[in-house]
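Residue-level listing of the chains:
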Amino acid sequence: MGVGRLLALMICVALLPAALTAQVTITHLRDGAAREVAGTLVAESLDQVRFEVGGRERSVPTREVLSVSYGKGSAAYEQAQALIERGDVTGALAQFAAAAGDSEPVWVASQALLSQARTSARLGDRGLGDARAAIGGFLSRFPEHRLVPEAHVLAIGFASSPAEAQASADAVVALADAGRVTPDWRAEALLALGELQLENDDLRGAKETFAAAERAATAGARELSGRQDLVPLLAQQALRARVGSGSCLLAEGDITGARGFYGQLLRDGAGDDVVSAAAGNGLAECDFLEGGKLKQAQLGFARVSLISAGQPEEHARSLYYLGRCYAALADDGSEPNGRAAANAYLQEVQDRYPNTRWARLARENP
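Below is a short write-up of the structure.

**A short note on unusual backbone geometry**
Here is step 1: Cis peptide bonds are those with omega within 30 degrees of zero, and the linkage from Glu 104 to Pro 105 qualifies with -10°.
Here is step 2: Secondary-structure assignment places Pro 105 in the loop between α3 (89-99) and α4 (108-121).
Here is step 3: Even without glycine at this site, Asp 31 takes up a positive phi of about 55°.
Here is step 4: In this structure, Asp 201 is a non-glycine residue whose phi angle is positive, near 65°.
Here is step 5: With respect to the helices, strands and loops of the structure, Asp 201 is situated in the loop between α8 (184-199) and α9 (203-223).

**Digging into the packing of aromatic side chains**
Here is step 1: Scanning the model with the defined rule gives 11 aromatic pairs in all.
Here is step 2: For the ring pair Phe 301 and Tyr 321, a centre distance of 5.0 Å and an interplane angle of 10° mean the geometry is stacked. One end of the pair, Phe 301, is in helix α13 (residues 294-307); the other, Tyr 321, is in helix α14 (residues 312-331), with 20 residues separating them in the sequence.
Here is step 3: Overall, the relative accessible area of 0% leaves Phe 301 in the buried class.
Here is step 4: Seen in terms of ring centroids, Tyr 320 and Tyr 321 are 5.0 Å apart; in terms of plane orientation they differ by 75°. Their pairing is edge-to-face. Of the two residues examined, Tyr 320 and Tyr 321, each falls in the buried class.
Here is step 5: An aromatic cluster of at least three residues, connected via ring pairs, comprises Phe 288, Phe 301, Tyr 320, Tyr 321 and Trp 358.
Here is step 6: Lying across the ring of Trp 358, Arg 357 places its NZ or CZ 4.6 Å from the centre.

**A short note on the packing of helix α10 (residues 231-251) against helix α12 (residues 273-289)**
Here is step 1: For the pair α10 and α12, the least separation of the axes is 11 Å and the interaxial angle reads 5°. Put simply, α10 runs roughly parallel to α12. Together, Leu 239, Val 243 and Leu 250 of α10 and Val 274, Val 275, Ala 278, Gly 282, Glu 285, Cys 286 and Leu 289 of α12 make up the contact between the two elements.
Here is step 2: Of the residues assigned to the contact of α10 with α12, the class counts are 8 nonpolar, 1 polar and 1 charged.

**A word on helix α11 (residues 255-268)**
Here is step 1: Between its first and last C-alpha atoms α11 spans 20 Å; for 14 residues at 1.5 Å apiece the expected length is 20 Å, and the two agree.
Here is step 2: Every buried residue belonging to α11 is among Ile 255, Ala 258, Tyr 262, Gly 263 and Leu 265, and all of these are buried. Around the axis of α11, the buried residues are gathered within 160° of arc, so they sit on the same side. Facing away from the buried side of α11, by more than 90 degrees, are the exposed residues Thr 256 and Arg 267.

**A closer look at the pattern of salt bridges**
Opposite charge on two side chains permits pairing when their charged atoms draw close.
Here is step 1: Counted by the stated rule, this structure contains 21 salt bridges.
Here is step 2: The closest approach of N and O atoms between Arg 118 and Glu 150, which form a salt bridge, is 2.3 Å. In this pair, Arg 118 is assigned in helix α4 and Glu 150 in helix α6 (residues 148-158), connecting sequence segments 32 residues apart.
Here is step 3: Look at Glu 150 and you get partly exposed, because its relative accessible area is 23%.
Here is step 4: Linked by salt bridges that have partners in common, Arg 259, Asp 287, Glu 290 and Lys 293 make up one network.

**A word on a positive patch on the surface**
Here is step 1: Where like charges cluster on the molecular surface, the positive patch consists of Arg 30, Arg 35, Arg 56 and Arg 58.
Here is step 2: By the secondary structure assignment, Arg 35 is in strand β2 (residues 33-44).

**Examining the state of the cysteines**
In protein structure, a disulfide is the covalent linkage between the sulfur atoms of two cysteines.
Here is step 1: Applying the stated criterion across every chain, the model contains 0 disulfides.
Here is step 2: The thiol of Cys 248 is not disulfide-bonded; the next cysteine sulfur, from Cys 286, is found 13 Å away.
Here is step 3: Taking the relative accessible area as the measure of exposure, Cys 248 reaches 0% and is therefore buried.
Here is step 4: Considering cysteine sulfurs only, Cys 325 is the nearest to Cys 286, which forms no disulfide, with 13 Å between them.
Here is step 5: With relative accessibility at 0%, the residue Cys 286 sits in the buried group.

**Quick look at the sheet that holds strand β5 (residues 65-70)**
Here is step 1: Spatially, β4-β3-β2-β1-β5 is the arrangement adopted by the 5 strands of the open sheet, whose pairing is antiparallel. Among the strands making up the open sheet, the edge pair consists of β4 (56-61) and β5. Geometrically, the sheet is characterised by an average inter-axis angle of 45° between neighbouring strands, direction not taken into account.
Here is step 2: In terms of strand pairing, strand β1 (residues 24-30) meets β5 through 5 bridges, oriented antiparallel. Pairing of His 28 across the sheet is with Val 65, part of β5.

**Some remarks on the environment of Val 60**
Here is step 1: Looking at the element boundaries, Val 60 is found in strand β4.
Here is step 2: Overall, Val 60 belongs to the buried group, its relative accessible area being 5%.
Here is step 3: Sequence-wise, Val 60 and Arg 30 are 30 residues apart; in three dimensions their C-alpha atoms are separated by 9.5 Å.
Here is step 4: What Val 60 contacts, discounting residues up to four positions off in sequence, is His 28, Asp 47, Gln 48, Val 49, Phe 51 and Val 65.

What counts and what doesn't
- Residues numbered from 1 in each chain as written.
- Predicted model: local features only at pLDDT ≥ 70, side-chain atom pairs only at ≥ 80, totals over all residues.
- Heavy atoms only, no water.
- Helix = DSSP H or I, 4+ residues; strand = E, 2+ residues; numbered from the N terminus.
- Phe/Tyr/Trp six-rings, centres within 6.5 Å; stacked < 30°, edge-to-face > 60°.
- Buried < 20%, exposed > 50% of the residue type's maximum accessible area, 1.4 Å probe, protein only.
- Lys NZ or Arg CZ within 6 Å of the ring centre and 35° of its normal.
- Axes fitted to C-alpha atoms, helices over the stretch in contact; angles between N-to-C directions.
- Parallel < 35°, antiparallel > 145°, perpendicular 65-115°, else oblique.
- Contact = heavy atoms within 4.5 Å.
- Nonpolar A, V, L, I, M, F, W, Y, C, P; charged D, E, K, R; others polar.
- Expected span 1.5 Å × (residues − 1).
- Arc of directions from axis to C-beta.
- Salt bridge = Lys/Arg side-chain N within 4 Å of Asp/Glu carboxyl O.
- Patch = residues over 30% accessible without salt bridge, like charges linked within 9 Å, V, L, I, M, F, W, Y side chains within 5 Å.
- Areas by Shrake-Rupley, 256 points an atom, 1.4 Å probe, with all protein chains shown as cover.
- Lys, Arg positive; Asp, Glu negative; His and termini not counted.
- Charge placed at Lys NZ, Arg CZ, Asp CG, Glu CD.
- Disulfide = S-S within 2.5 Å.
- Pairing = 2+ DSSP bridges.

Geometric values such as these leave the question of function open.
Right, here's the structure in full:
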């Protein structure tokens, strides 16, 4: 082999590891457009994401980061992911716990703790203590991490007391007020708090919180009018807040008021599939709660389930209530195979949307 060819081969081999060790792909805004860059992650903070490309360190302001796609993790982390795919939650939790002690790649410990928390929550009440511990570990070890607001929002759902949930929501609101996170996080934290209050029958608190969430989302959309990545999200958050307000009416037993509320929502969002799904679920729930209208409710939830596959919250809600409808119809003798259908729908909610309110209710109403 000639010297020139040998030298070229040596250069290629020397360059190969750098290409293979590019651990993340960062999608971020530049000049108003989404750009991708691949590199080796150095650190993620509330202020910036730092990474190396070609031996040089670069950074992107966190507010302009759209997503970070991580590459291959440690052996324990990859094993945990494989076990999740096989449905072995217990085994996955053990591997996530092991991965939380790994230092390479640099992102793996933080992601392992968040994954450990989400996976623990899939076990229902018996997993909430471990979920809280994993989130606490994340916030203690990574107090300035880019995903701190997400961790606090998760913590709201896992909270052991109203005060604990309120503290997590306040922490996110404080970050938004300081301009360290985008306004959508303020709305997201308030939505999570409102949903928890609703579940705990604090209807007065839930109504106030959902109203505050809608105001936050509307104000955020005005503030970020140029951010086409976030404006649709903020619109969706405002809709979720309105749906939460309607759910409060239902929880209060005001079916007439709720029916009027969701009817108006349907008119306001005519032609919008997202609004139609939310309003359709609300109207079907009115039928479900109003005696003698189980079949109408069943049809309403079935219609929503067909148009909302791309809307996790509303799709989960329709599947949950389809399960409840089939169970009720089985109990009154109208559906001979209703109990089997009910179990299938309730299990589907848990499998497809394990960390939603509807999955938690499905676990509690087998």
